[in-house]
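Single-letter residue listing:
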Amino acid sequence: MSDAVARLSFKEKFGYSLGDMAANFIFQFMIALQLDFYTHTFGLTPAQAGTLFLVVGLGAAAINPIMGLIADRTTTRWGKFRPWLLWTAVPFGIIGILTFTTPNISPGAKLIYAWVTYTLLRVVYIVNNVPYASLTAVMTQDPDERTSISSYRQIAANSAGFIIASLAIPMVAFFGHGNDARGYQLTMGLLSLVSVIFFIITFFATKERIQPDPQQKSSLTQSLSDLFQNRPWVVLFLVTLFYFAAILVRGNVMPSYFRYVVGDVKLYAWFNGFGLAALLLGVAFSTAVSVRVGKRELFIASMILTGVFSTLLIVLSPAATALIIGTEVLRQFSFGLSGPILWAMMGDVADYGEWKTGRRASGTVTAAVVFALWAGLALGGAIAGWLLSGYGVVSGAEVQTAHARSGVLLTASVYAGIAFLAAAVCLFFYPLSRERTRSIANDLTERRKGYAS
């Protein structure tokens, strides 16, 4: 068995997963607390923060493909993608701390400071994360091992999310002793320090085994042309768009569901806790199931089940707490099965592009799919807001009209379910079955023997 298709050690998989945990310590902190920090501690208005998030978010999404092209053209003795983890580790940590620091300056200067630091944080995240995600495609040629790698990283990322959800606010209170500005700064300081260490461990623990043909030459125009002629990539782009739009549509509306439909927002914590445990279990089972049935087939089943269990919420009584939480456990387990698959498929799509054109562009393929991820998040968040507004949900109101409550329920169930089912429909057009993926991998392994000779 060649080095490119050999089974990877636990040490390497675990070391790789720490890179995603590191990024998610900071990313999940941003998702959960950035708005609260800016509006309640830093001193921005909600409108100023919202404009900042929208403009920088759209700009950052556009940078992803550019970073992919840069990473593909990076040549060092450590490989194309690993060096970026080392180069960005310390800047990532420093910028993270600066972003959650409240300087003692005028309101106008604070606004400028927020724009500069938040923009830098989003940029360094992309410069770090696109090469990190691209590593999956070059650590091994084995499609099943890629799924296994992705399972490790998914568990690590979700674990970081759980840690932030559970401990971030208590940490801010503990370190701040009544001074939230200091609490945020010290909390992010600790998280950033751990992240820097984890990024460096990932750099040393991993190895790039898949190298493109040394004679390969391609222009920017050629790379983009190859991408849009890569049918599996086109399908995966659409799947990713629907997938993350569905996550945001449902995720953004669930607090409102418990507040206005169920009537007890405190139950949301239990709902989330049991759901996250089921999600991690689904991720843990993903590799074993996909090896038997194939990534495409498992992804389709996962999206169908997730869509169905999401939609079932429409028929459950708001008083049936056990049934609501039980359905969420089934939904999150089904959804968790798909988590590693998406990232593993990116490597398979890069293989297909190389097999078809003779040119490999792992970074470009990954970055272009990640662009769909960010676009899906932006689209899902916007759709959720538009739907709630259209049904007449009044922000901050203690009581909503029956029509508004109906809109909240429909958004959380039927509309979110449709988005997940749309992802499943797209996957029926994904041409890479388990057998074909394995055949392409074997063919590329034989070709690479020729590169070395």
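The residue numbering used here restarts from 1 in each chain and proceeds along that chain's sequence as written. Residues qualify for local features only when their pLDDT is at least 70, as the model is predicted, and side-chain atom pairs are given and counted only at 80 or more; totals for whole chains, interfaces and linings, by contrast, use all residues. Excluding hydrogens and water, the side-chain figures rest on all heavy atoms present in the structure.

Colleague: I would appreciate a short explanation of the overall build of the protein in the present structure.
Modeller: Each helix is a run of DSSP H or I of at least 4 residues and each strand a run of E of at least 2, with the numbering of both proceeding from the N terminus. Regarding its fold elements, the protein presents 15 helices and zero strands. Projected onto the principal axes, the alpha-carbon positions of the protein cover approximately 70 × 55 × 40 Å. Each residue's exposure class comes from its accessible area (1.4 Å probe, protein chains only) as a fraction of the maximum for that residue type: buried when under 20%, exposed when over 50%, partly exposed otherwise. Going through the 453 residues of the protein one by one, you find that 55% of them count as buried. In this description, accessible areas are obtained by the Shrake-Rupley approach with a 1.4 Å probe, and a residue is regarded as covered only by the protein chains that are shown. When the accessible area of the protein is evaluated, it comes to approximately 18,800 Å², of which 69% is carbon and sulfur surface. A positive count includes Lys and Arg, and a negative count includes Asp and Glu. His and the chain ends are not counted in either. Charge placement uses NZ in Lys and CZ in Arg. For Asp and Glu, CG and CD serve respectively. For the protein, the distance from the average site of its 33 positive side-chain charges to the average site of its 22 negative ones is 2 Å.

Colleague: Got a minute to help me understand helix H9 (residues 267-293) in this structure?
Modeller: Since the α-helix packs 3.6 residues into each turn, any two residues three or four apart lie on the same face. In this scheme, a helix's expected span is set at 1.5 Å multiplied by one less than its residue total. With 27 residues, H9 should cover 39 Å at 1.5 Å per step; its first-to-last C-alpha distance of 37 Å lies within 8% of that length. In this analysis the local bend is the angle between axes fitted, respectively, to the seven residues ending at and the seven residues starting at the residue. For H9, the principal kink sits at serine 286 and spans about 40 degrees. The set of residues buried in H9 consists of Leu267, Phe271, Gly275, Leu276, Ala278, Leu279, Gly282, Val283, Ser286, Thr287 and Ser290. With its phi angle positive at about 100 degrees, glycine 294 sits one or two positions after the end of H9.

Colleague: What exactly am I supposed to notice about the side chain of glutamine 154 here?
Modeller: Topologically, glutamine 154 is positioned in helix H5 (residues 143-176). Contacts are assigned to residue pairs with any non-hydrogen atoms lying within 4.5 Å of each other. Setting aside chain neighbours within four positions, we find glutamine 154 in contact with Val283, Gly339, Pro340 and Trp343.

Colleague: I'm lost on the nonpolar core in this one. Help?
Modeller: One broad rule of soluble globular proteins: the nonpolar side chains tend to lie buried together. Within the largest apolar cluster, 102 residues are counted, with the highest numbers of intra-cluster contacts made by Phe29, Tyr38, Trp233, Phe299, Met303 and Trp374. Leave out the neighbours within four places in its chain, and phenylalanine 29 touches Asn24, Gln34, Phe100, Ile164, Ala168, Val172, Tyr184, Thr187, Met188 and Leu191. Here, nonpolar core means buried Ala, Val, Leu, Ile, Met, Phe, Trp, Tyr and Cys residues that are tied together by side-chain atoms lying within 4.5 Å of each other. If you look at the next biggest cluster of nonpolar residues, it comprises 18 residues, including Val261, Leu267, Leu316 and Ile324.

Colleague: Looking at this model, I keep getting lost on the packing of helix H12 (residues 339-357) against helix H13 (residues 362-390). Mind explaining?
Modeller: Packed helices, taken two at a time, are described by their axes: the angle between them and the distance between them. Running from N to C, H12 and H13 point in directions that differ by 135 degrees, and their axes come no closer than 9 Å. With respect to each other, H12 and H13 are oriented oblique. Seen along the crossing, H12 lies across H13 with a hand that is right-handed. Contact residues: H12 offers Trp343, Met346, Val349 and Ala350, while H13 offers Ser362, Val365, Thr366, Val369, Val370 and Leu373. Residues were grouped as follows: Ala, Val, Leu, Ile, Met, Phe, Trp, Tyr, Cys and Pro as nonpolar; Asp, Glu, Lys and Arg as charged; and all remaining residues, including Gly, as polar. Across the contact of H12 with H13, the residue classes tally to eight nonpolar, two polar and no charged. Inter-axis angles, ranging from 0 to 180 degrees, are taken between N-to-C directions of lines fitted to C-alpha atoms, where helices are fitted over the stretch in contact. With respect to orientation, any angle under 35 degrees is reported as roughly parallel, any angle over 145 as roughly antiparallel, any angle of 65 to 115 as roughly perpendicular, and every other angle as oblique. The hand of a helix crossing depends on one turn: near helix anticlockwise from the far one by less than a right angle means left-handed, and clockwise means right-handed.

Colleague: What is the right way to look at the pattern of salt bridges in this model?
Modeller: If charged atoms from side chains of opposite charge come close, those side chains can pair. Criterion for a salt bridge: a side-chain nitrogen of Lys or Arg within 4 Å of a carboxyl oxygen of Asp or Glu. Counting across every chain of the model gives 13 salt bridges. Put simply, arginine 209 and glutamate 12 hold a salt bridge, and the shortest N to O gap is 2.8 Å. A residue pair is termed long-range when its members are at least 10 positions apart, and arginine 209 in the loop between helix H6 (180-205) and helix H7 (220-228) and glutamate 12 in helix H1 (residues 10-42) qualify at 197 residues. The partner of arginine 146 in a salt bridge is aspartate 348, with the nearest N and O atoms 3.2 Å apart. With arginine 146 in helix H5 and aspartate 348 in helix H12, this pair connects stretches of sequence that are 202 residues apart. By the burial criterion, arginine 146 is buried, and aspartate 348 matches it. Linked through salt bridges whose partners overlap, the residues forming this network are Asp142, Asp144, Arg434 and Arg438.

Colleague: What is the right way to look at the environment of tryptophan 270 in this model?
Modeller: Inspection of the secondary structure puts tryptophan 270 in helix H9. We classify tryptophan 270 as exposed; its relative accessible area is 54%. For tryptophan 270 and asparagine 129, which are 141 residues apart along the polypeptide, the C-alpha to C-alpha distance reads 31 Å.

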